[in-house]
Amino acid sequence: MLSILVGHSYFLQLDAKQLERAKPYPPLATLQVAAMLRQTGHTVTLFDAMLAQGVRDYAERLASCQAQVVVLYEDNFNFLTKMCLAAMREACCEMIAAARRRGARVVVGGSDATDAPEVYLRAGAEVALLGEGLATLAELLRRLDADVGAATAELIAQLPGLAYLDGHHVRRVEGGHTPAVKDYPELPAWDLVDIERYREMWLTAHGYFSLIMAASR
């Protein structure tokens, strides 16, 4: 089984308007990915950028968990991931580079990685998931678990729903058949989030606490 760091790059500190608004939500889609990977037996660590001070916090988490694989999966349920996009992209690229310097394999996913995979691939990510990408991610990690040093070409062979760099060119592999994820976890990995920090910010600013929900799965 693999040691995997799952995270995202939406730093509330980089979005002055939303920081002042003080209504942060935990990254639900990221937590679902963490739960799915943990359910398959991998050792999963979470980096929640939402309330972090900056990329330095991520670097510290990366160093402490010694991840073999880093999965940066944006919260598709939260429209805020599109806010201050240039700053969040830059942060994500820094996070990718830091992971690669430590020898970790890097996979990215989310709406922006689907729309503009080249940014992330040229920063050092080996694979950008297209769309939700959960089944593709599960198969990629199955292959990495069999050989964590496998070449990118071996990892993505005949696997749809992703983008990768072929020399200097970005290749998108759309459609096709990917084995479905058999059993989604019943709940996201809520235990990996410091929920009390969220509660404190909400209560201090508004006197009540709110959480995001999704009924689509």
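Chemist: I'm lost on the packing of aromatic side chains in this one. Help?
Modeler: Centre distance and the angle of the planes are the two values used to describe a pair of aromatic rings. Tallied over the full model, the rule gives four aromatic pairs. On the numbers, 6.0 Å between centres and 50 degrees between planes, the contact of Phe11 with Phe47 is tilted. Within this pair, whereas Phe11 is found in the loop between β1 (3-7) and α1 (16-21), its partner Phe47 is found in strand β2 (residues 43-47), the two being separated by 36 residues in sequence. The exposure class of Phe11 is buried, given its relative accessible area of 1%. For Phe47, a relative accessible area of 4% translates into the label buried. When the ring of Phe47 is compared with that of Tyr58, the centres are 5.4 Å apart and the planes differ by 70 degrees; the resulting orientation is edge-to-face. On the criterion of sequence distance, the pair formed by Phe47 in strand β2 and Tyr58 in helix α3 (residues 55-65) is long-range, its members being 11 residues apart. With relative accessibility at 0%, the residue Tyr58 sits in the buried group.

Chemist: Help me out: how do you make sense of the layout of surface pockets in this one?
Modeler: To find the voids left in a structure, one rolls a probe of water-molecule size over its atoms. Roughly 310 Å³ of volume is contained in the second largest pocket. Around the second largest pocket, the lining is made up of 17 residues, and of these Leu28, Gln32, Glu186, Pro188 and Ala214 lie nearest the centre. Among the elements that line the lining of the second largest pocket, the one with the most residues is helix α2 (residues 28-39), at three residues.

Calculation rules
Think of each chain on its own: its residues are numbered from 1, step by step along the sequence as written. The predicted nature of this model means local features are confined to residues of pLDDT at least 70 and side-chain atom pairs, given and counted, to a pLDDT of 80 or more, with totals for whole chains, interfaces and linings taken over all residues. Water and hydrogen atoms play no part in the side-chain values, which are based on all heavy atoms of the structure. Pairing of aromatic rings covers Phe, Tyr and Trp, the last through its six-membered ring, and needs centres within 6.5 Å; plane angles under 30 degrees mean stacked, over 60 mean edge-to-face, and all others mean tilted. Under the DSSP-based scheme used, a helix requires at least four consecutive residues in state H or I and a strand at least two consecutive residues in state E, with every element numbered from the N terminus. Relative accessibility decides the category of a residue: with a 1.4 Å probe and only protein chains considered, values under 20% of the type maximum give buried, values over 50% give exposed, and everything between is partly exposed. Here a cavity denotes grid points, spaced 1 Å and computed from the protein atoms alone, that fit a 1.4 Å probe unable to get out, and a pocket denotes an open set having protein on both sides within 12 Å along at least 5 of 7 lines; residues with an atom within 4 Å of a point are the lining. Grid points are joined across faces, edges and corners, and a volume is the space filled by probe spheres set on the points.

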